[in-house]
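Structural description and commentary
Chain by chain, the residues:
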Amino acid sequence: MNKKTIKDIDVKGKKVFVRVDYNVPFDENRNITNDTRMVRTLPTINYLLDNGAAVILACHIGRPTEAKEPEFSTKLLVKHLSELLKKDVKWADDCVGESAEKAAKDLKPGEVLLLENLRYHKAEKKNDPEFAKQLASLADVAVDDAFGVSHRGHASNSGIAQYVEVVAGFLMEKEINYIGKTLENPQHPFVAIIGGAKVSDKIGVIENLLNKVDTIIIGGGMAHTFDAAKGYPVGKSLVEPDKYDYAREVLKKAEEKGVKVVLPVDLVIADKFDKDANFKTVPVNQVPDDWEALDSGVETSKEYVKALDGAKTVIWNGPMGVFEFDNFAKGTLAVAKAVAKATEEGAISIVGGGDSVAALKKTGLTDKISHVSTGGGATLEYLEGKEMPGVKAIADK
Ligand code: AMP
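So, here is what we can say about the structure in this document. (Residues numbered from 1 in each chain as written. Predicted model: local features only at pLDDT ≥ 70, side-chain atom pairs only at ≥ 80, totals over all residues. Heavy atoms only, no water.)

**Concerning the site of the ligand**
- Within the structure, the ligand sits among 17 residues, and K202, G221, H224, A293 and E324 are positioned closest to it.
- In the model, a nitrogen atom of the ligand is placed 3.0 Å from a nitrogen or oxygen of the G221 main chain.
- Residue E324 places a side-chain N or O atom 2.5 Å away from an oxygen atom belonging to the ligand.
- Protein contacts shield 85% of the accessible area of the ligand, which totals 510 Å² for the unbound molecule.
- Per-class residue counts for the shell around the ligand are seven nonpolar, seven polar and three charged. (Near = heavy atom within 4 Å. Polar contact = N/O pair within 3.5 Å; in protein donor to acceptor, adjacent residues only side chain to side chain. Areas by Shrake-Rupley, 256 points an atom, 1.4 Å probe, with all protein chains shown as cover. Nonpolar A, V, L, I, M, F, W, Y, C, P; charged D, E, K, R; others polar.)

**Quick notes on the sheet that holds strand β11 (residues 279-283)**
- On the basis of which strands lie adjacent, the open sheet formed by three strands has the order β11-β10-β12 and antiparallel pairing. Single-partner strands in this sheet number two, and they are β11 and β12 (292-296). Within this sheet the neighbouring strands show an average axis-to-axis angle of 40°, counted without direction.
- Across four bridges, the pairing between strand β10 (residues 266-270) and β12 is antiparallel. Pairing of V268 across the sheet is with D295, part of β12. (Pairing = 2+ DSSP bridges. Helix = DSSP H or I, 4+ residues; strand = E, 2+ residues; numbered from the N terminus. Axes fitted to C-alpha atoms, helices over the stretch in contact; angles between N-to-C directions.)

**Let's talk about the nonpolar core**
- Formed by 65 residues in total, the largest nonpolar core has its most connected members in L115 and L135.
- Broken down by element, the residue count for this core peaks at five residues, all from helix α10 (residues 244-257).
- Each of domain 1 (6-171) and domain 2 (178-383) gives at least three residues to this core.
- With sequence-adjacent residues up to four places away left out, L135 is seen in contact with F17, C95, V96, L118, E124, A155, S156 and I160.
- With 32 residues, the next largest nonpolar core counts V16, V55, V112 and L114 among its residues. (Core = buried A, V, L, I, M, F, W, Y, C linked by side-chain atoms within 4.5 Å. Buried < 20%, exposed > 50% of the residue type's maximum accessible area, 1.4 Å probe, protein only. Domains from an automatic or database assignment. Contact = heavy atoms within 4.5 Å.)

**Considering helix α3 (residues 75-85)**
- Buried within α3 are the following residues: L77, V78, L81, S82, L84 and L85. An end-on view of α3 places all buried positions within 160° of arc, on one side of the element.
- Considering only its buried residues, α3 is in contact with α1 (36-39), α2 (42-50), β2 (54-58), β3 (89-92) and β4 (112-115).
- Following α3 by one or two positions, K86 adopts a phi angle in the positive range, close to 55°. (Arc of directions from axis to C-beta.)

**Description of the environment of M320**
- If you trace the backbone, M320 turns up in the loop between β13 (313-317) and α12 (330-344).
- Discounting residues that sit within four places of it in the chain, M320 has contacts with I193, I194, G195, G219, G220, D295, S296, Y304, G331, T332 and V335.

**Some words on the pattern of salt bridges**
- Tallying each qualifying case throughout the model produces 20 salt bridges.
- Notably, a salt bridge pairs K243 with D242, separated by 3.2 Å at the nearest N-O pair.
- Classification of K243 by relative accessible area gives buried; the value is 16%.
- A residue is classified by how much of its surface remains accessible, and D242, at 59% relative accessible area, is exposed.
- K386 is the salt-bridge partner of E384, the closest N and O atoms lying 3.2 Å from each other.
- A relative accessible area of 18% means that E384 is categorised as buried.
- Classification of K386 as partly exposed rests on a relative accessible area of 43%. (Salt bridge = Lys/Arg side-chain N within 4 Å of Asp/Glu carboxyl O.)

**Examining the packing of aromatic side chains**
- All told, the structure shown has five aromatic pairs when counted by the stated rule.
- Between Y47 and F170 the ring centres are 5.3 Å apart and the planes differ by 80°, which places this aromatic pair in the edge-to-face class. In this pair, Y47 is assigned in helix α2 and F170 in helix α7 (residues 170-184), connecting sequence segments 123 residues apart.
- Cation over ring: K280 sits above W291, and NZ or CZ is 4.4 Å from the ring centre. (Phe/Tyr/Trp six-rings, centres within 6.5 Å; stacked < 30°, edge-to-face > 60°. Lys NZ or Arg CZ within 6 Å of the ring centre and 35° of its normal.)

**Things to note about the packing of α12 against helix α13 (residues 356-363)**
- The contact between α12 and α13 brings their axes to 9 Å, and the two run at 85°. Of the possible angle classes, the one that applies to α12 and α13 is roughly perpendicular. Each of T332, L333 and A336 in α12 lies in contact with α13, whose residues at this interface are A359, L360 and T363.
- Within the contact of α12 with α13, the residues separate by chemical class into four nonpolar, two polar and no charged. (Parallel < 35°, antiparallel > 145°, perpendicular 65-115°, else oblique.)

**A closer look at the sheet that holds β13**
- In spatial order, the strands read β9-β8-β7-β13-β14-β15; together these six strands make up an open sheet with parallel pairing. Here the strands that pair on one side only, and so sit at the sheet edges, are β9 (260-262) and β15 (371-372).
- Two elements, β13 and strand β14 (residues 348-351), share four bridges in a ladder whose sense is parallel. Bridge pairing in β14 places V314 opposite S349.
- This element, α13, spans β13, β14 and β15 of the sheet and lies at about 105° to β13.

**A few points about the side chain of E240**
- Among the secondary structure elements, E240 is positioned in the loop between α9 (223-229) and α10.
- Within the buried set, E240 has no salt-bridge partner at all; the shortest N-O distance to an opposite charge, 5.3 Å, is to K198.
- Within the structure, the side chain of E240 is placed 2.8 Å from the backbone nitrogen of V199, a separation counted as a polar contact.
- When residues no more than four places from it in sequence are discounted, the contact partners of E240 are K198, V199, S200 and T225. (Lys, Arg positive; Asp, Glu negative; His and termini not counted.)

This is the structure:
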């Protein structure tokens, strides 16, 4: 997969449409509470500005309707974006039509324009060709830096490619280089760590990775479905009985393919699902009826560390326990430390999808990972090996 990036085109004097993912969280007064998604697009925007482009930013916030609810207006982003870019950001009260066209036409090299919420128009998610054409007409070239929406084929990241060339921004390039290229051609030993709540959310990821990895570590709530499938008592632990057969199938497939599966050998169990619950550690096959497993135990962490020793590629999705409660975050921390160590020793490590990024953040080891993916659902679908319409629309080199 060799995609064109902003470095492969001349942007001097050009109007550049940039699809960004600014679907940031807000508090009840509509103040931005986490600007990570905005900050991570700054290298792309600054590069374009420094190279003489006029930058037209397009994004969505939330799930608005065509009633154009003001709480989803991109106007809420203008002040903070101006501060981040250290320059005035102009704003158009629509993303297509007269006001957008005039604002884009008047925009000069070195200037930034933010368009109103793309999803105020149903046509965006419908990937309506006429709407895509209108977006494309604002610019000479398009840049996609919104990896978080790449698993969807919408007008602004997919349909638009019919009318104007689309190239990758730096953030998109990083996601493609790490996740796409790693899955295509990983260095071995390749270890996948799959945790989180449910097996059913991760079936696609497990299926795809079983064909590529040498070792798969299965932890978190989903491990209990495997434990139950093996006939161990699981007490009140989270399990999915309709996935027992699937769990047995995964173990069989792994054996056939020579993939080592590492499951918990001991568990931290609690007398209720609560941060202040009483807790103790027991062997995996000794969970009493009234208790539930909320974390992996110390012996399991040792197994995880051993499995990661010498790894050259590590993909981690999903926490090893209920990391939100401090007493049940130790298994996740142990894995984070082991992944950080493997990275220090030369492995490529990728963390992403679902709650993984929040779990990693809590361990304070985010900076020690090669690539922390910015997508939630998008990362998961990329790991599943699904075709990503947003990535597909980017021009090949
Ligand atoms: P996911 O988004 O699929 O990665 O799942 C993350 C969620 O799984 C987190 O909110 C964890 O609290 C939860 N989780 C992890 N381990 C367990 C467990 N043993 N029992 C219940 N929930 C768990």
